[in-house]
There are 2 protein chains.
Amino acid sequence: MSAQVPTLKEIAKRLNISVSAVSRALHNHPSIGLRTSARVHQLAAELNYEPNQVALSFKRSKTSMIGVILPNLNHDFFASIVSAIEDVAYRKNYTLLLGQSRDEEDREKRLVESMKSHRVDGVLVSIAKNTANYAHFDLLKKMNIPVVFFDRIPRMPDIHYIASELESGMEAAVRFLVKKKHRNIGMINGPDSLLASKERLEGYMHALQKLRIKIDLSSVVSSNLSREGNQQAMQEILDMKRRPTAIITFNDYVAMDAIKYAKKAGIKINEDISFVSFANEPICNYMDHPPMASVEQFPYQQGEKATELLLQLLEGDEKTRTSNNFHKILLPPQLVIHEAQA
Amino acid sequence: MSAQVPTLKEIAKRLNISVSAVSRALHNHPSIGLRTSARVHQLAAELNYEPNQVALSFKRSKTSMIGVILPNLNHDFFASIVSAIEDVAYRKNYTLLLGQSRDEEDREKRLVESMKSHRVDGVLVSIAKNTANYAHFDLLKKMNIPVVFFDRIPRMPDIHYIASELESGMEAAVRFLVKKKHRNIGMINGPDSLLASKERLEGYMHALQKLRIKIDLSSVVSSNLSREGNQQAMQEILDMKRRPTAIITFNDYVAMDAIKYAKKAGIKINEDISFVSFANEPICNYMDHPPMASVEQFPYQQGEKATELLLQLLEGDEKTRTSNNFHKILLPPQLVIHEAQA
DNA sequence: CTGTTAGCGCCTTCAC
DNA sequence: GTGAAGGCGCTAACAG
């Protein structure tokens, strides 16, 4: 006999008044009698009445839920982004429906389906590394569900997104190494399918070009970002006849795998080969041999901006939402130099 | 003029049949004519019709959403748990409503409120480190929303939970160190408010007692688990007149802070002072001086079990849900010895 | 001041 | 085989 979840109807019945009177009383509608109002409020409190958000969502066709789809949570980078999203969303009374694609296009698709059928008000997405088909995102548009992409952006026209200005981050990385007298700078990039890989490569080439250093694309290798892929990439570099004296890696995890692997091969980190990476993950602080520097991408700020943009789209009128004014925000990253370890 | 989201009504109107006919057709109800059924299916596909999950939730008073409340996502431990929850939930078509308490009781409370009003079908919770008042969880019970706690369990009677058998994990840690000839084993524990701290301490004492080693509680210090707290705790240990030769830490993050701090103080890790910790976070693999061993707590399995239990409660009948049969599952942890680093 | 009504999308019972 | 009606909880327009 567990007490049923209280409803307006229940309160109305007990008080012998109409449902709408109860509703109005609880909303402190001016036209409700003081006595009635008080009685309603009291009983509501007694019963722990709480508006049924599902009914409200249904009625208003607005769920106050934001869908978040990202590759995974195991990197501090994404965890920070989620924190930011949550913080901003929460202030505006939105809740998070979360899903990890695990970098699988199928899962990503299913997640989009799920979010769509749950009628989230908007979606924040960082795409899976191999997603090539973007039809599932178009469906969201058709449903009038705004989408803001962050960090990993699809190569689609007409989208809103927030990401790091990777090219300039890369240029800073290259400049840093060149200033340290490196002239043969290798790179472990991510998979070609990611826009982010392309941008890094372009930054790399531009920077070298500007500095009038010969570009040797044979010292650029790709990894699929798995541990094995990273190790293999490092091996490729070690095998080069003209081995680079510095390596820029796609991110800190790649750097960590590469560094560990290189160490085993007898390389002195940041002496024989210097490393610079992206993301500036907090764990770098715990390594004895972290990369010399890492390009900080400010995930929290990225998450904030993305959410703010999405909420703005949500709260704007139909015009705003469906206009052809697409926001493409690039945040400047910042090269952070790690203090030498003891 | 963006196409409105299609509904049964819309399809019915276009086909000049009734809403219920459409509904039945889409569910392949046998009593619907073949022709009609085909026409309905076709139009539905054309319009990208998709049942409105909100309406369904409303009607069925079941949202197919599971609430997940945990302190944060920045530890791989919790990220893995979320992955497990998501995997299990997804198989049964449940979606995740996620919130981080950031170890603040207030936020935790607000999250519970939010989940409650969104009428999640059930909730998985790992409590904030300072949560002392559990009234908000009682409210869930009153709403007939089952709760399963994981990892961080409140000191409440009559709850379902899954956690690691920390005592035995701690005993394994102590035995390991004693076998390595340590007789003066210190400990950096977590805050007293956590049950997990209490259990570690008990395991510590039991183990020493069994091994007939004198217990010296002055070599046990507490940290609030912040970086500063961890450093301070390490300092306290370094200051001891009878400085321990080994330290067991609350988890790997504490260990990492302590190790880094000790290194700066000139301590040789795992020589002057040996470390053993809990959680066995993957980043240990990247450290030059990880703790000698870490108590693996199998977060993924914990998440799986917790979710399976919750779903079982959800799918059971009212009897199951409200019975006084509370599941208290303890998973045996396992001491993992880290290979010596190169 | 308060009650009645209608409707959001869907399913289900009952009627034809 | 198909349609009509009712109801899940809530709000808002319209009547009194």
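Residues numbered from 1 in each chain as written. Chains lettered and ligands numbered in written order. Predicted model: local features only at pLDDT ≥ 70, side-chain atom pairs only at ≥ 80, totals over all residues. Heavy atoms only, no water.

(A) Molecular detail of the environment of B:Leu34. Residue and element names in this part refer to chain B. Take Leu34: it is sitting in helix H3 (residues 34-46). According to the relative accessible area criterion, Leu34 is exposed, its value standing at 77%. Distance from Leu34 to Arg212, taken between C-alpha atoms, is 81 Å for residues 178 residues apart in sequence. (Helix = DSSP H or I, 4+ residues; strand = E, 2+ residues; numbered from the N terminus. Buried < 20%, exposed > 50% of the residue type's maximum accessible area, 1.4 Å probe, protein only.)

(B) View of the interface of chain B and chain A. With 59 residues of chain B at the contact, the number on the chain A side is 59 residues. For the pair chain B and chain A, the summed buried surface comes to about 5600 Å²; carbon and sulfur atoms form 49% of the total. Joining chain B to chain A, the criterion identifies 10 salt bridges. For A:Lys263, the salt bridge goes to B:Asp288, with nearest N and O atoms at 2.3 Å. The interface formed by chain B and chain A contains 32 residue pairs in polar contact (both at pLDDT 80 or more). With 8 residues, helix H5 (residues 76-91) of chain B is the single largest residue contributor to the side of chain B that touches chain A. As judged from the 3 bridges shared by strand E2 (residues 95-100) of chain A and strand E2 (residues 95-100) of chain B, these two strands associate in the antiparallel manner. Bridge pairing in E2(B) places A:Leu96 opposite B:Leu98. (Contact = heavy atoms within 4.5 Å. Buried area = accessible area lost by both parts, 1.4 Å probe. Salt bridge = Lys/Arg side-chain N within 4 Å of Asp/Glu carboxyl O. Polar contact = N/O pair within 3.5 Å; in protein donor to acceptor, adjacent residues only side chain to side chain. Pairing = 2+ DSSP bridges.)

(C) Spatial organisation of the protein's contact with DNA strand C. As a structural note, the neighbourhood of DNA strand C is formed by 25 residues, with A:Ser20, A:Arg24, A:Gly33, B:Leu8 and B:Tyr49 the closest of them. Protein-adjacent atoms of DNA strand C, using a 4 Å cutoff, are sugar or phosphate at a proportion of 56%. Taking A:Ser20, its side chain carries an N or O atom lying 3.0 Å from a base oxygen of DNA strand C. In this structure, B:Lys9 approaches DNA strand C through a side-chain N or O atom, which is 2.9 Å from a phosphate oxygen. Elements with a minimum of two residues in the surface near DNA strand C: helix H2 (19-26) and helix H4 (53-60) of chain A together with helix H1 (8-15), helix H2 (19-26) and helix H4 (53-60) of chain B. For the surface near DNA strand C, the element with the most residues is H4(B), which contributes 4 residues. Residue classes in the surface near DNA strand C are distributed as 10 nonpolar, 10 polar and 5 charged. (Near = heavy atom within 4 Å. Nonpolar A, V, L, I, M, F, W, Y, C, P; charged D, E, K, R; others polar.)

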